[in-house]
Amino acid sequence: MSSTPDNQCLLQTPYFKVVRENGYFIIKEAQAINGVVAVPTLADGRLMLVELKRRAIGGQSIEFPRGAIDAGESACDAAVRELLEETGRQASSVRQLGLLHSNTSLIASAVAVCQVQVTEQQSAATDGEVDHVLWVSRQELLAMIAAGRITDAHTLSAAMMLLAAESA
């Protein structure tokens with residue numbers, strides 16, 4: 001029987017590597033904070049959700065807009081950019097709510113969550129990723145979560161972070 005070194009890189013791609021450390025498999029990415037979730041908020045308090053096709057689950061998903069943080073870009077700048085690319089909406093202000101780790105047993109990197117103030121009016125063309133935009137109250141958001149209509153972990157975590165920040 002051959003022995004396997006306890007700390008080794010098992011796979012390396014341009015985007016991530018899979019390592020074995022002390023018996024655990026870990027996905028590591030180049031940036032410790034590599035993604036952002038934008039929580040678009042209107043002045044009247046409604047929130048924007050997007051509906052889009054997610055190939056990994058083979059169907060539609062309702063989520064807050066999100067995406068990668070480019071090298072040298074801040075989380076807040078990435079939230080503004082992703083919102084504009086996906087929905088065509090401009091941000092009037094942005095604040096970081098915190099960080100989330102989507103799978104602490106497997107993925108080393110974190111995702112930033114930013115609340116972005118927007119207007120309802122679309123001002124620019126989009127990248128075509130989003131199929132539909134929904135504007136919901138916090139009560140409607142909670143009802144959608146309770147009904148199982150929102151299952152995306154980033155969106156569920158971001159919603160909780162928003163509600164917690166507002167009640168603190």
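Definitions and limits used
Residues numbered from 1 in each chain as written. Predicted model: local features only at pLDDT ≥ 70, side-chain atom pairs only at ≥ 80, totals over all residues. Heavy atoms only, no water. Pairing = 2+ DSSP bridges. Helix = DSSP H or I, 4+ residues; strand = E, 2+ residues; numbered from the N terminus. Salt bridge = Lys/Arg side-chain N within 4 Å of Asp/Glu carboxyl O. Buried < 20%, exposed > 50% of the residue type's maximum accessible area, 1.4 Å probe, protein only. UniProt positions renumbered as here; feature names shortened; annotations may be inferred. Expected span 1.5 Å × (residues − 1).

Caption draft 1: Examining the pairing of strand S1 (residues 8-12) more closely. Pairing of S1 with strand S2 (residues 16-21), which is carried by 4 bridges, proceeds in the antiparallel orientation. Each residue of the ladder has a partner; that of Cys 9, found in S2, is Val 19. Between the end of S1 and the start of S2, which pair antiparallel, lie 3 residues.

Caption draft 2: Structural context of unusual backbone geometry. Positive phi, close to 50°, is recorded for Asn 22, a residue that is not glycine. You can see Asn 22 is positioned in the loop between S2 and strand S3 (24-29).

Caption draft 3: Inspection of the pattern of salt bridges at higher detail. Summed over all chains, the structure comprises 12 salt bridges. Arg 81 serves as the salt-bridge partner of Asp 70, at 3.5 Å between the closest nitrogen and oxygen. Of the two residues, Asp 70 is situated in the loop between strand S7 (66-68) and helix H1 (75-87) and Arg 81 in helix H1; the sequence distance between them amounts to 11 residues. A salt bridge links Arg 81 to Glu 73; the shortest N-O distance between them is 2.8 Å. Both residues of the pair, Arg 81 and Glu 73, belong to the buried class. Salt bridges here are not isolated pairs; linked through shared partners, they connect Arg 54, Glu 63, Arg 66, Glu 129 and Asp 152.

Caption draft 4: Local environment of the UniProt feature "domain: Nudix hydrolase" (unreviewed entry) in the chain. The sites that UniProt annotates as "domain: Nudix hydrolase" (unreviewed entry) are residues 28-158. Span residues 28-158 is 21% helix and 39% strand, its end C-alpha atoms 22 Å apart.

Caption draft 5: Fine view of H1. In a regular helix each residue adds 1.5 Å, so 13 residues correspond to 18 Å; H1 covers 18 Å between its end C-alpha atoms and thus fits that length. Those residues of H1 not exposed but buried are Ala 75, Cys 76, Ala 78, Ala 79, Arg 81, Glu 82, Leu 83, Glu 86 and Thr 87. Just beyond H1, the residue with positive phi is Gly 88, at close to 75°.

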